[in-house]
Amino acid sequence: MAEKQTDVLTTNRMYKSRIFAMLFSDRNELLKLYNAINGTSYDDQDLLQVNTLENAIYMSMQNDVSFIIEMRLNLYEHQSTYSPNLPVRYLLYVADVYSDYTKDMNLYGTKAVKLPTPKFVIFYNGQAEQPDRKELKLSELFSIPDADPSLELKAVMLNINKGHNRKLMETCRTLEDYAEYTFRVREYAAEMPLDTAVEQAITECISEGILADFLRKNRAEAKKVSIYEYDEERHMRQNREEGMEEGYSQGIIQIAVNMLKLKEFTDAQIREVTGLEQEQLDELKKNINKNQIG
């Protein structure tokens, strides 16, 4: 069995991480999250064999948590930006995990090797609207549709924003607290400097028993990571807005607006015609409702 990870990631790694990863680097919390998702009741954290790849090529998936429990390989990914390409990234990542897992096995022998059964879960807490649960398939990205694809990978995306997936949140208190903390940081950052907003959110959460032990023990580090995380999210949002401005000059946005106003097309049909992302469509809808787009 792999050596136990420390309960909290070291400071020099935090800047590559997220609050989500910091919270669930604690084996006990990770086991509770697993139980909440799978409806199980494991209570021995030593059953967890954490095998998250360090400094992997594909660490654009920055918050991966990979672990095995009773021959089930679980790959957890936290995202604040929705991307339909996540199954591809998971495919590349799990290939590395399996490569490491089988490095001492005879893959050319006549005896079948036994691999842990994979499950891919994405925890989404971006600001664009998403359903409580959404399944993403690798086959949906193939250029030529295939009713029975030779290669498939399915990932489940769970919306962990405040107010979503209530049953899951009630089962995993840490996940619910994380959603509340994130909500407060965003809410306060809209009204005051980011540094002040994060400090206020941390102070309130500690006083109200929301992630209290974690924030109390890791206050300085958590504050730095929260500021970095929010800044990165804002930067990515600005990049998407710049992309939308470029789309305006090409007439793509206007096509999407016209299709939206007709109310005869699904979002999927509009995306297919325009090549826009769902988040861009959601932004257009908001602007149309505000009469900002003609």
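Right above here is the structure, for reference.
Structure report, in brief. A quick note: this is a predicted structure, and the numbers were derived from the prediction, not measured. (Residues numbered from 1 in each chain as written. Predicted model: local features only at pLDDT ≥ 70, side-chain atom pairs only at ≥ 80, totals over all residues. Heavy atoms only, no water.)

Take the pairing of strand β2 (residues 65-69) next. Across the 5 residues that make up β2, a large majority, 5, are buried. A two-sided burial pattern is seen for β2, the buried positions comprising Val65, Phe67 and Ile69 on one face and Ser66 and Ile68 on the other. Taken together, the 2 bridges between strand β1 (residues 49-50) and β2 define a ladder with antiparallel strand orientation. Paired with Gln49 across the strands is Ile68, a residue of β2. Examined bridge by bridge, β2 and strand β3 (residues 72-79) share 5 bridges and lie antiparallel to one another. Bridging from a neighbouring strand, Ile68 pairs with Leu73 of β3. Following β2, the chain reverses through 2 residues before pairing antiparallel with β3; Glu70 in that reversal takes a positive phi of roughly 50°. (Buried < 20%, exposed > 50% of the residue type's maximum accessible area, 1.4 Å probe, protein only. Helix = DSSP H or I, 4+ residues; strand = E, 2+ residues; numbered from the N terminus. Pairing = 2+ DSSP bridges.)

This part is about the sheet that holds β2. Spatially, the 6 strands line up as an open sheet ordered β1-β2-β3-β4-β6-β5, and their pairing is mixed. Edge positions in the sheet fall to β1 and β5 (133-137), since each of these pairs with one other strand and no more. Each of β1, β2, β3 and β4 (117-124) touches helix α3 (residues 27-38); the most contacted strand, β3, lies at about 100° to it. (Contact = heavy atoms within 4.5 Å. Axes fitted to C-alpha atoms, helices over the stretch in contact; angles between N-to-C directions.)

Attention shifts here to the pairing of β3. Within β3, 7 of the 8 residues are buried, which leaves the element mostly enclosed by the surrounding structure. A crossover links β3 with its parallel partner β4, the connecting element being helix α4 (residues 86-101), and its sense is right-handed. (Right-handed = clockwise from strand over helix to strand, strands pointing away.)

Right, let's get into the nonpolar core. By size, the foremost hydrophobic cluster in this structure holds 45 residues, and its most contacted members are Ile19, Phe67, Tyr76, Leu175, Tyr181 and Leu215. Those residues in contact with Ile19, other than ones at most four positions away along the chain, are Tyr178, Tyr181, Phe214, Ala222, Val225, Ser226 and Glu229. Counting 19 residues, the second-largest nonpolar core is a separate cluster that includes Leu73, Leu75, Tyr90 and Tyr98. (Core = buried A, V, L, I, M, F, W, Y, C linked by side-chain atoms within 4.5 Å.)

For the rest of this paragraph, the subject is the pattern of salt bridges. Under the criterion given, the structure shown has 13 salt bridges. Where Asp195 meets Lys223, a salt bridge forms, and the shortest distance between an N and an O atom there is 3.4 Å. Here Lys223 lies in helix α9 (residues 219-250) and Asp195 lies in helix α7 (residues 194-207), a separation of 28 residues in the sequence. Among the residues examined, Asp195 registers a relative accessible area of 40% and is labelled partly exposed. (Salt bridge = Lys/Arg side-chain N within 4 Å of Asp/Glu carboxyl O.)

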